[in-house]
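Take a look at the letters that make up each chain.
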Amino acid sequence: MTVAWLRTRPWTARRCGVFLKASGTAGMLQLSETHFIAVMDSGEVASLDASTGEQRWAVSAEAVQLLALDETCVYVLTGAEEIRAVEISGRKPLWTVNAPEGMQSADRPLAAAGAERLVVSGSNGVVIALSTDTGREVWRRGQGFGPAMPAIDRSSVYLGGRELAALMVADGTERWTVSGYTSSAADGWGAPWVKELNVFAVVGGRPQSVRMSNGDTDLMGDDSMEADVLSSLPPVVEGRSLLVDGAEGVSVFHDPPSRRAWVYKSDTGTPTVMAGAGRRVFLVSDGNVTAVPVL
């Protein structure tokens, strides 16, 4: 693997980004402020230094896609169409189960881990929750469209799809739902993002804020984005900015509700991961990590 830090100005002289070029990674997730977890071409799960990109350690896992991680494990999809948990401290596989239909490597499933559950969203709109201790399936739910990355906050999980759904993550009990505009995928709820007391998601090309307690909605932007597919990645709220991935690129809203401030279109394609920290939003696309400055 070749890793190099480069500085560039992809938008204007005042908006400079930082790229981490890492050939042969199938997704990256932050483990702490100092290092990241990545899946390498070799199938290993590796820990990379966040400042230099140097490899700290690696575990053989036959992985082809990184799904999620929590305090104890990294969860991956293997080339044998399995979901596998790899212990971080012990650096060894903990359990392996067969990946269900719609959650295999060609489907590019999306997942989140927390509260002793791994919640996986498949391309067929089915969402399952696995016990993080054993890999046993605890509950499943049809959301109509997918995949859309789930969001776990404390004891609840939030799901996109035909409706935005809030469930108890332990057993899948429904707390509330909010319907999409129509029955088409483009008008469904995209992947949700939890920030403080609200859930943020895109529905019908418009970013919305939904109150976590009862599902009440507020419009976050007064112009809509081009929407022809379900938004599989959640919006990211960082500082005073809201970033939303869409067909036109990543739309940036400052001090929402407002009109879009600008749109960033990556030369490396559609991002596969978006995450915010330290007044930056990081976009992972084709082995590159771009740091986008926000207000």
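This text goes with the structure placed above it.
Now for a look at the structure at hand. Because the structure is predicted, anything quoted here is derived from the model rather than measured.

## Topic: the side chain of serine 241
Move 1: Secondary-structure assignment places serine 241 in strand β24 (residues 241-246).
Move 2: The residues contacting serine 241, other than those within four sequence positions of it, are Val236, Phe253, His254, Val294 and Leu295.

## Points about the pairing of strand β21 (residues 206-211)
Move 1: Bridge count between strand β20 (residues 198-203) and β21: 6 bridges; the pairing is antiparallel. If you follow valine 202 over to β21, its bridge partner there is proline 207.
Move 2: Hairpin connection between β20 and β21: a loop of 2 residues separates the two successive antiparallel strands, and glycine 204 in this loop has a positive phi of roughly 60°.

## Regarding the sheet that holds strand β12 (residues 117-121)
Move 1: Spatially, the 4 strands line up as an open sheet ordered β11-β12-β13-β14, and their pairing is antiparallel. Every interior strand has two partners, whereas the edge strands, β11 (110-114) and β14 (137-142), have only one. Across this sheet, the average inter-strand angle for adjacent strands is 15°, counted without regard to direction.
Move 2: With 5 bridges connecting them, strand β13 (residues 126-131) and β14 associate as antiparallel partners.

## Quick notes on unusual backbone geometry
Move 1: Omega for the peptide link from glycine 146 to proline 147 comes to -5°, which places this bond in the cis form.
Move 2: Even without being a glycine, arginine 108 presents a positive backbone phi close to 50°.
Move 3: With respect to the secondary-structure elements, arginine 108 resides in the loop between β10 (93-98) and β11.
Move 4: Although it is not a glycine, arginine 154 sits at a positive phi angle of roughly 55°.

## Some words on the packing of aromatic side chains
Move 1: A complete count under the given rule lists 2 aromatic pairs for this structure.
Move 2: Between tyrosine 75 and tryptophan 95, the aromatic rings sit 6.1 Å apart at their centres with planes inclined by 40°, giving tilted as the arrangement. In this pair, tyrosine 75 is assigned in strand β8 (residues 73-78) and tryptophan 95 in strand β10, connecting sequence segments 20 residues apart. Comparing tyrosine 75 with tryptophan 95 shows no difference in burial state: the two are buried.
Move 3: The interplanar angle of 45° and the centroid separation of 6.1 Å between the aromatic rings of tyrosine 158 and tryptophan 176 together place this pair among those described as tilted. Of this pair, tyrosine 158 sits in strand β16 (residues 156-159) while tryptophan 176 is found in strand β18 (residues 174-179), placing the two residues 18 residues apart along the sequence.

## Quick notes on the pattern of salt bridges
Move 1: Tallying each qualifying case throughout the model produces 7 salt bridges.
Move 2: One salt bridge in this structure joins arginine 84 and glutamate 82, with 3.3 Å as the shortest N-O distance.
Move 3: Between arginine 141 and glutamate 163 there is a salt bridge whose closest N-O contact spans 2.8 Å. Taken together, the residues arginine 141 in strand β14 and glutamate 163 in strand β17 (residues 163-168) connect sequence positions 22 residues apart.

## Focus: the sheet that holds β24
Move 1: Pairing within the open sheet is antiparallel, and its 4 strands lie in the order β23-β24-β25-β26. Strands at the two margins of the open sheet, each flanked by one partner only, are β23 (236-238) and β26 (260-264). If you compare each strand with its neighbour and ignore which way they point, the axes differ by 20° on average.
Move 2: Summarising the sheet, β24 and strand β25 (residues 249-254) pair through 6 bridges and their orientation is antiparallel. Pairing of valine 244 across the sheet is with serine 251, part of β25.

## Focus: the side chain of threonine 132
Move 1: Mapped onto the fold, threonine 132 is located in the loop between β13 and β14.
Move 2: Among residues more than four places away in sequence, those in contact with threonine 132 are Asp70, Tyr75, Leu94, Trp95, Glu116, Arg117 and Leu118.

Reading the values: rules and limits
- Residues numbered from 1 in each chain as written.
- Predicted model: local features only at pLDDT ≥ 70, side-chain atom pairs only at ≥ 80, totals over all residues.
- Heavy atoms only, no water.
- Helix = DSSP H or I, 4+ residues; strand = E, 2+ residues; numbered from the N terminus.
- Contact = heavy atoms within 4.5 Å.
- Pairing = 2+ DSSP bridges.
- Axes fitted to C-alpha atoms, helices over the stretch in contact; angles between N-to-C directions.
- Phe/Tyr/Trp six-rings, centres within 6.5 Å; stacked < 30°, edge-to-face > 60°.
- Buried < 20%, exposed > 50% of the residue type's maximum accessible area, 1.4 Å probe, protein only.
- Salt bridge = Lys/Arg side-chain N within 4 Å of Asp/Glu carboxyl O.

Geometric values such as these leave the question of function open.
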